[in-house]
Amino acid sequence: MFTRPLLLSSKLELTRCFKFPQNGMSQYPSYYIKPIYSNDKQTDLIKSGEAQKLAHVPTRAALNDQTSSIYHDDLICLLVNYLMKDGNKLLARDLVEKTMEKIKRVQLEKYHKLANEEEKEKVVLNPRAIIHQAITNVKPILQLTPIKRGGVTYQVPVPITDRRSQFLSMKWLIEAGNEKERTVRFYDQFAYELIDAANNTGRAVKKKQDLHKQCEMNRAYAHYRWS
Amino acid sequence: MRILPALWARGNPKEPVPFQEILPLKLRPFVSGKGDKTSNVCCLYEMSLVFGCLKENEFKESACGREIKSFQECFTNYNKQKYITKEREAKGILTPGEKRLPYRQLNKLLRMYPNEK
Amino acid sequence: MLNSLVRRSLLRKVPVQPIILPVAHLSLETQPLERLQSFRTSENNPLNHSDDHIGQFYTIPSEHKKKLFLYGGLPRSYDTQTKTFNESCLMIRKPSVDVINCLRHVDYSKPAVRFILYGKKGQGKSLSLAHIIHYGYSAGFLIVHVPWVGGWLRRCQESSISEFKPGCIDTNLDAAAWLVHFKHQNSHLLDNPDLRTTQDHVWSKRESTPKDVPLGELVDHGINRIKFASQCIVVLAEEIKQLSREGKCKTLVVVDGFNGFFYPNTRILTEKKEVVHPKNVTVTEAFLNLSRFDWKNGAAVVTVDELAIAEKDHISHFPRYLLGRDGFEHMDPFVPVAVPTYTKLEFTSCMDYYRERRWVLPLDGQDEELQFLSAMNPYRLMLLCNSV
């Protein structure tokens, strides 16, 4: 029986995800490892000597948005992918960049209005930090699944994996960005939504709280789970 | 369709009815996996704790950090355990002295010691 | 001499790491030294700008900005940046300093000198012009400033058949708007009683502007009677030239996108949907007149920009191609001033400014990466830093 050699990257995969084999829907055979494109990680591997071993392992090609830039952020790339429609990555990336620009402008406006130094220090000016905080604040803890018992479909509260929780968070934020007037640009609305979510207010956070309330109301059905 | 034989029957059948060996008197050499789905629901207790805490604090998650963390840990541990047991089952490793064997392991055992006549 | 030596030695000791200032230094009113930080200077008067200040940012006082650029002249992206940073700062760069130096030392009794600023898209031509306008205003020039020729010829608000020149097209709404702009910029000079019309101008049977009337009245007439606005500009141009010849004022003609006046495919159409050549637009005549060398006591600083023409013809950024044969023969001889990409000093200065304004958060290796990605082009650097 073929046992996969436990490589560095696949060990990381194991600890994170328990559902899918490494292959999934990939065009590569399962023993191809994912590329390591970050400068820091590469220098670490060279120092520890792992790089010599990995150099002889077949590696997948790096995707176009897997860059060694110092501003590369996995979560932002994911957000761009979720926003993308019909494969129009250029538009999605443009929108996210304009969103980050708008976030900076709004926050700087707040910053300049404050007179007190201490309050100024508290204003977060890094758009990436705001996006991360917004996504964390909108992550739900449970979700509802429909389960049929005796001809009736009940909405049962069920625990949720981190990945799905993060996906739902980003999906709700994007939906909140899309709920806008005709004359308002998407990136402006999205920026306001993200800033609100980072402050634990706004439509996306409300959606999460509504979900939690619904789960709490349906807590009696939790026994219907088959797990 | 007990009705039809009853319609055709004439007179009372004599009890005791003589035994007829229609199918061979032999157990199946395998066990079906249908009954293996356990209905033990995980993390119900932790979930109820989370609900209680959220209700008290008007659904503010910042106040319920500990309960939420324990709930999430319970779920991740459960998933990890499930994956490990699934891997072990798929490989067919038999651990001696187990109380309840999954169907794959049982079938492997039965294949090792078949019922021969 | 000693001062400039000291300044040069300070210049060489520019630190490699960006200076991250504490928040209190964001207000700059109380700084006595001329060089506060390596990227800023407190010398806000462009009359004193010289080679020593290259790479440094100076603040345009808000009254000057309102006076000079209320009706256009600064790019829209620069405007939004100004609002975010709470101040309008311009970088002092070599092309504008060279032109300012020339304007200081030119012999104004000789025919007018023409300067052409040229460069690739986004190199900083318009902002260099803005710096030169600020200098012209401070030095007391009468400023004739066209913010963007493309706005007239490729996005005109309204066109009509000219009454004064058969076969020509008037763009009266744009012309009236420009007259308002001209009046606003030069209000302090138009009050001068010496500036008077040199001829009679007849507009129609009942309307005319007589001789020896303050120039401001001519401008007002053009604003009030929009029908005659384009012709008013043509007449005004001739008046200004005559006044400069007589020595009553010194003029600085500043046009952004001058090559637009020679590009045959304007977006102005006649009623029969035929394309109008710029030489058939009344207003063109005025500015071609002002950019000739048959007058003295004046100078013309002009940019040639690819963006003033259609995208399919964006082939080369050089003046000979953009002006075409007619334009080149019209402008020849001129002083070509190249507007290059950022030098290393200017780039570091720009990044320091962004960091000080809290627009870009400091990160190791930032400068190097942005240098490569932007290819030292100022506009590309701004776009990259927007999303950083």
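Residues numbered from 1 in each chain as written. Chains lettered and ligands numbered in written order. Predicted model: local features only at pLDDT ≥ 70, side-chain atom pairs only at ≥ 80, totals over all residues. Heavy atoms only, no water.

S.K.: Please clarify how the overall build of chain C should be interpreted in this entry.
M.R.: Looking only at helices and strands, one finds 15 helices and 11 strands in chain C. Taking 21 Å as the expected radius of gyration for a compact globule of 388 residues, we find that chain C reaches 22 Å, a close match to that expectation. The C-alpha extent of chain C, read off along each of the three principal axes, is 70 × 45 × 35 Å. In chain C, buried positions account for 53% of the 388 residues. Contacts in chain C between residues far apart in sequence, at least 24 positions, make up 73% of those at least 6 positions apart. Here chain C has roughly 17,700 Å² of accessible surface; of this, 54% comes from carbon and sulfur atoms. The positive charge centre, built from 47 side chains, and the negative charge centre, built from 43, are 1 Å apart in chain C. (Helix = DSSP H or I, 4+ residues; strand = E, 2+ residues; numbered from the N terminus. Rg over C-alpha atoms; globule rule 2.2 N^0.38 Å. Buried < 20%, exposed > 50% of the residue type's maximum accessible area, 1.4 Å probe, protein only. Contact = heavy atoms within 4.5 Å. Areas by Shrake-Rupley, 256 points an atom, 1.4 Å probe, with all protein chains shown as cover. Lys, Arg positive; Asp, Glu negative; His and termini not counted. Charge placed at Lys NZ, Arg CZ, Asp CG, Glu CD.)

S.K.: It is not clear to me how the interface of chain B and chain A should be interpreted in this structure. Could you clarify?
M.R.: As a measure of interface size, the accessible area lost when the parts come together is often cited. Contacts between the two partners involve 21 residues from chain B, matched on the other side by 22 residues from chain A. Taken as a group, Phe51, Phe59 and Tyr83 of chain B account for 30% of the area that chain B buries against chain A, more than any other trio of residues on that side. The interface formed by chain B and chain A includes 2 salt bridges. Among the salt bridges present, the one from lysine 55 of chain B reaches glutamate 216 of chain A, with a minimum N-O distance of 3.8 Å. Between the two partners, chain B and chain A, sit 2 residue pairs in polar contact (both at pLDDT 80 or more). Looking at the side of chain B that touches chain A, the elements with two or more residues in it are helix H2 (44–56) and helix H3 (65–91) of chain B. If one sorts the elements of the side of chain B that touches chain A by residue count, H3 of chain B sits on top with 8 residues. Broken down by class, the residue content of the side of chain B that touches chain A amounts to 11 nonpolar, 7 polar and 3 charged. (Buried area = accessible area lost by both parts, 1.4 Å probe. Salt bridge = Lys/Arg side-chain N within 4 Å of Asp/Glu carboxyl O. Polar contact = N/O pair within 3.5 Å; in protein donor to acceptor, adjacent residues only side chain to side chain. Nonpolar A, V, L, I, M, F, W, Y, C, P; charged D, E, K, R; others polar.)

S.K.: What should I look at first to understand a negative patch on the surface in this one?
M.R.: Taken together, the side chains of Glu117, Glu118, Glu119 and Glu121 of chain A define an acidic patch exposed on the protein surface. As for its placement among the helices and strands, glutamate 121 of chain A is situated in helix H6 (residues 117–122). (Patch = residues over 30% accessible without salt bridge, like charges linked within 9 Å, V, L, I, M, F, W, Y side chains within 5 Å.)

S.K.: Honestly, the nonpolar core in this entry has me stumped. Any pointers?
M.R.: The nonpolar side chains of a soluble globular protein tend to be buried with one another. Judged by nonpolar contacts, the single largest core of 57 residues is most densely connected at Trp178, Phe182, Leu236, Phe258, Phe261 and Phe287 of chain C. In terms of residues, this core owes the most to one element, helix H10 (residues 229–245) of chain C, which gives 9 residues. Within the second largest apolar cluster, 51 residues are counted, among which are Ile103, Leu144 and Met170 of chain A together with Cys53 of chain B. (Core = buried A, V, L, I, M, F, W, Y, C linked by side-chain atoms within 4.5 Å.)

S.K.: Is there a simple way to explain the interface of chain C and chain A in this structure?
M.R.: On the chain A side, the residues contacting the 21 residues of chain C number 18 residues. Across the chain C/chain A interface, buried area totals approximately 1,800 Å², and carbon plus sulfur atoms make up 56% of it. For chain C, the biggest contributors to the area lost against chain A are Arg358, Glu369 and Ser387 of chain C; these three give 28% of the whole. For the interface between chain C and chain A, the tally reads 0 salt bridges. At the junction of chain C and chain A, the tally comes to 11 residue pairs in polar contact (both at pLDDT 80 or more). Elements represented by at least two residues in the side of chain C that touches chain A include exactly helix H3 (76–85), helix H14 (366–374) and helix H15 (378–386) of chain C. When residues in the side of chain C that touches chain A are grouped by element, the largest group, 4 residues, is from H3 of chain C. Among the residues making up the side of chain C that touches chain A, the classes are represented as 9 nonpolar, 8 polar and 4 charged.

S.K.: How should I be thinking about the state of the cysteines in this particular structure?
M.R.: Joining two cysteines, a disulfide is a covalent bond between their sulfur atoms. Going through the model one piece at a time under the given rule, you end up with 2 disulfides over all chains. Shown here is the disulfide that connects cysteine 43 of chain B with cysteine 74 of chain B, its sulfur atoms set 2.0 Å apart. Measuring handedness by torsion sign, the sulfur bridge of cysteine 43 of chain B and cysteine 74 of chain B sits at about -100 degrees and is left-handed. Of this pair, cysteine 43 of chain B sits in the loop between helix H1 (3–8) and H2 while cysteine 74 of chain B sits in helix H3, and the two are 31 residues apart along the sequence. Grouping residues by exposure puts cysteine 43 of chain B and cysteine 74 of chain B together as buried. Left without a disulfide partner, cysteine 77 of chain A is nearest to the cysteine sulfur of cysteine 385 of chain C, which lies 19 Å away. For cysteine 77 of chain A, a relative accessible area of 17% translates into the label buried. (Disulfide = S-S within 2.5 Å.)

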